[in-house]
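# Structural overview for review
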Amino acid sequence: MLSLMKTAPLMFSFFVTLIFGTASLGQQPLKDVFANHFRIGAALNSKQFSGRDMRGADIVTTNFNTISPENVLKWESVEPVEGKFDFSEADKYVAFGQEHKMLIVGHTLVWHHQTPKWVFEGPDGKPVSKELLKERLRKHIHTVVGRYKGRIGAWDVVNEALNEDGTLRNSAWLKILGKEYISLAFQFANEADPSADLFYNDYSLENEPKRKGAIALVKWLQSQNIRVSGIGTQSHHMLDQPSIADQERTIIDFGKLGLKIAITELDVDVLPRPRDHSGDIVSVAYREGLDPYKKNLPDEMQQRLAARYADIFRVFVKHHKLIDRVTFWCVTDADSWLNGWPVQGRTNYPLLWDRSGKPKPAFFSVISTLNHRQ
Ligand code: GLA
């Protein structure tokens, strides 16, 4: 039994290679494989859409039909100083998506991170008044969404407004404007582009209390006739969490709302999580013991990752009628934010392409979920 367990991953690898051939022979573009199921995408960094990473750009244009911006549309990027908008990078991102006829996603209008301090400060250096913050929010959303009207097809209007227990996060937005900041954001986005899809986006929605919080939030918006098009579930996963049952339940529960479901930030972290990490966006310092695969990912781990991706995609394929798009957070392992979070400076392997731009066993196992459905 033990020897079977040890050889199973290798056998899996052998059969995947046998069925799909080598990377160059058997590689099918993801967007073609899933063409009848959902759009498939990735979050891009500036190098990929401005011609400084042609290898990355080539993977993107070959495999994806939707893109998200990793950073260039966040508040601190487009309006670092009040009223001084900088669209230089965002314009290139949108032009890239238009050139390749992709669904272009806008990420994100309202968040508690990557938002400059001035947003929450009044002219006197004290906390900003309710009225002024509301006006700043209106102006920001109208300017950004208005600029790309008809070109950005879907916006993450509000990102991560919930705590793990489903209550609202006590962000500066909530403290100053109350819950209304969420409905205002959707209202302003709708005014600026009535035809764009408007999403609420968050992580760990597979956990029941948080998932219930998201459903209650969307229902609350709908009860006020606020237009919401869908829920984005980020899906920053680990090898063993969340369970496949919880992922499936999440899609089914959101499906009952009759709204679009987007998988917005998919990746699978293969490294150990430090015990002292709070779970928030801030990273802890590097420790050798937390960086076990500095040179390469051992084959056994490579196969675990491939099997995990296959399990995840089997759920997506099963419920594809409910799913609008599946977007990976970054393109190759070298690009991933998980090399720097939750521990700085590690070597992580969360995506489908390796550091040299080659598809990994996980790439082929994702494809196999469609070609070899049981
Ligand atoms: C969150 C945000 C993204 C990105 C990732 C990590 O999930 O929504 O914009 O910052 O964290 O890179």
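What comes next concerns the included structure. Note that the structure is a prediction, hence the values are computed from the model and not measured.

## Some details on the environment of Gln 247
Here Gln 247 is to be found in helix H12 (residues 244-255). Of the residues examined, Gln 247 reaches a relative accessible area of 4% and is grouped as buried. Along the sequence, Gln 247 and Ala 307 sit 60 residues apart, while their C-alpha atoms lie 16 Å from each other. The residues contacting Gln 247, other than those within four sequence positions of it, are Glu 206, His 237, Pro 242, Arg 308 and Ile 312.

## Let's talk about empty space enclosed by the protein
Going through the model one piece at a time under the given rule, you end up with 2 cavities of 30 Å³ or more. If you add up the space inside the largest cavity, you get close to 50 Å³. Contributing to the lining of the largest cavity are Glu 206, Thr 233, Ser 235, His 237, Gln 247, Thr 250, Ile 251, Ile 263 and Phe 316. Classifying every residue of the lining of the largest cavity gives 3 nonpolar, 5 polar and 1 charged. Approximately 40 Å³ is the volume found for the second largest cavity. Together, Val 110, Trp 111, His 112, Val 158, Asn 159, Glu 160, Ala 161, Arg 169, Ser 171, Trp 173 and Tyr 181 line the second largest cavity. Split into classes, the residues belonging to the lining of the second largest cavity amount to 6 nonpolar, 3 polar and 2 charged.

## Considering the pairing of strand E1 (residues 39-44)
Counting buried positions along E1 yields 5 of 6 residues, so the element is predominantly enclosed. Where E1 and strand E9 (residues 323-328) come together, 4 bridges link them in parallel fashion. Across the sheet, residue Gly 41 finds its bridge partner in E9, namely Thr 327. As paired elements, E1 and strand E2 (residues 66-69) share 4 bridges and run parallel to each other. Within the sheet, the bridge partner assigned to Leu 44 lies in E2 and is Pro 69.

## A closer look at the packing of aromatic side chains
All told, the structure shown has 19 aromatic pairs when counted by the stated rule. Considering the side-chain rings of Phe 38 and Phe 316, the 6.5 Å spacing of their centres and the 90 degrees angle between planes classify their relative orientation as edge-to-face. With a gap of 278 residues between them, Phe 38 in the loop between helix H3 (30-33) and E1 and Phe 316 in helix H13 (residues 299-318) connect regions that are remote in the sequence. Look at Phe 316 and you get buried, because its relative accessible area is 2%. In textbook terms, an aromatic cluster arises when at least three aromatic residues are bridged by ring pairs, as seen for Phe 34, Phe 38, Phe 64, Tyr 309, Phe 313, Phe 316, Phe 328, Trp 353, Phe 363 and Phe 364. Sitting over the face of the ring of Trp 220, Lys 179 holds its NZ or CZ atom 4.3 Å from the ring centroid. The cationic tip of Arg 355 hangs over the ring face of Tyr 349; the distance from NZ or CZ to the ring centre is 5.0 Å.

Thresholds, definitions, all that
Residues numbered from 1 in each chain as written. Predicted model: local features only at pLDDT ≥ 70, side-chain atom pairs only at ≥ 80, totals over all residues. Heavy atoms only, no water. Helix = DSSP H or I, 4+ residues; strand = E, 2+ residues; numbered from the N terminus. Buried < 20%, exposed > 50% of the residue type's maximum accessible area, 1.4 Å probe, protein only. Contact = heavy atoms within 4.5 Å. 1 Å grid on protein atoms, 1.4 Å probe; cavity = no way out; pocket = protein on both sides within 12 Å on 5 of 7 lines; lining within 4 Å. Points joined across faces, edges and corners; volume = space filled by probe spheres on them. Nonpolar A, V, L, I, M, F, W, Y, C, P; charged D, E, K, R; others polar. Pairing = 2+ DSSP bridges. Phe/Tyr/Trp six-rings, centres within 6.5 Å; stacked < 30°, edge-to-face > 60°. Lys NZ or Arg CZ within 6 Å of the ring centre and 35° of its normal.

Purely geometric stuff here, so don't read any function into it on its own.
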